[in-house]
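# Descriptive structure summary
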Amino acid sequence: MDQDKTPQPGQQGEQAPDAESTVCSACGATAEGTPVTWTFSVENGVRLYLCEDCARANLRAIEGRLDSTWW
């Protein structure tokens, strides 16, 4: 049984086991190494990466839910 070891969008966004690249857990974008502009979270013991565009969209969504008195 041959399994694909590359993380897919929405799955575990850790570094691929056979390469030195990082995969965005939201959109599936890849980058060499771990760019300093990417963010990560640890969910259930698994490190998930977000590319710069997905991280920016996520932050905007969080800010959009803040009460207007916050600003």
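Here the structure is shown first, and the text comes after it.
On a predicted model such as this, the values are computed, not experimentally measured, just so you know.

### Thoughts on the environment of Thr34
When you line up the elements, Thr34 lands in the loop between β2 (30–32) and β3 (39–43). Spatially, the C-alpha atoms of Thr34 and Val23 are 9.0 Å apart, while their sequence positions differ by eleven residues. Engagement of the side chain of Thr34 in a polar contact is seen with the side chain of Thr22, the distance being 3.2 Å.

### Here's the deal with the nonpolar core
Of all hydrophobic cores here, the largest spans eight residues; its members are Cys24, Ala31, Trp38, Tyr49, Leu50, Cys51, Cys54 and Ala55. Contributing elements (two or more residues each) for this core: β4 (46–50) and α1 (52–64). Setting aside anything within four residues of it in sequence, one finds Cys54 in contact with Cys24, Ala26 and Cys27.

### Details of the packing of aromatic side chains
A full pass over the atoms with the stated rule returns one aromatic pair. For the cation-ring pair, Arg47 lies above Phe40, with the distance from its terminal atom to the ring centre recorded as 4.0 Å.

About the criteria used
Residues numbered from 1 in each chain as written. Predicted model: local features only at pLDDT ≥ 70, side-chain atom pairs only at ≥ 80, totals over all residues. Heavy atoms only, no water. Helix = DSSP H or I, 4+ residues; strand = E, 2+ residues; numbered from the N terminus. Polar contact = N/O pair within 3.5 Å; in protein donor to acceptor, adjacent residues only side chain to side chain. Core = buried A, V, L, I, M, F, W, Y, C linked by side-chain atoms within 4.5 Å. Buried < 20%, exposed > 50% of the residue type's maximum accessible area, 1.4 Å probe, protein only. Contact = heavy atoms within 4.5 Å. Phe/Tyr/Trp six-rings, centres within 6.5 Å; stacked < 30°, edge-to-face > 60°. Lys NZ or Arg CZ within 6 Å of the ring centre and 35° of its normal.

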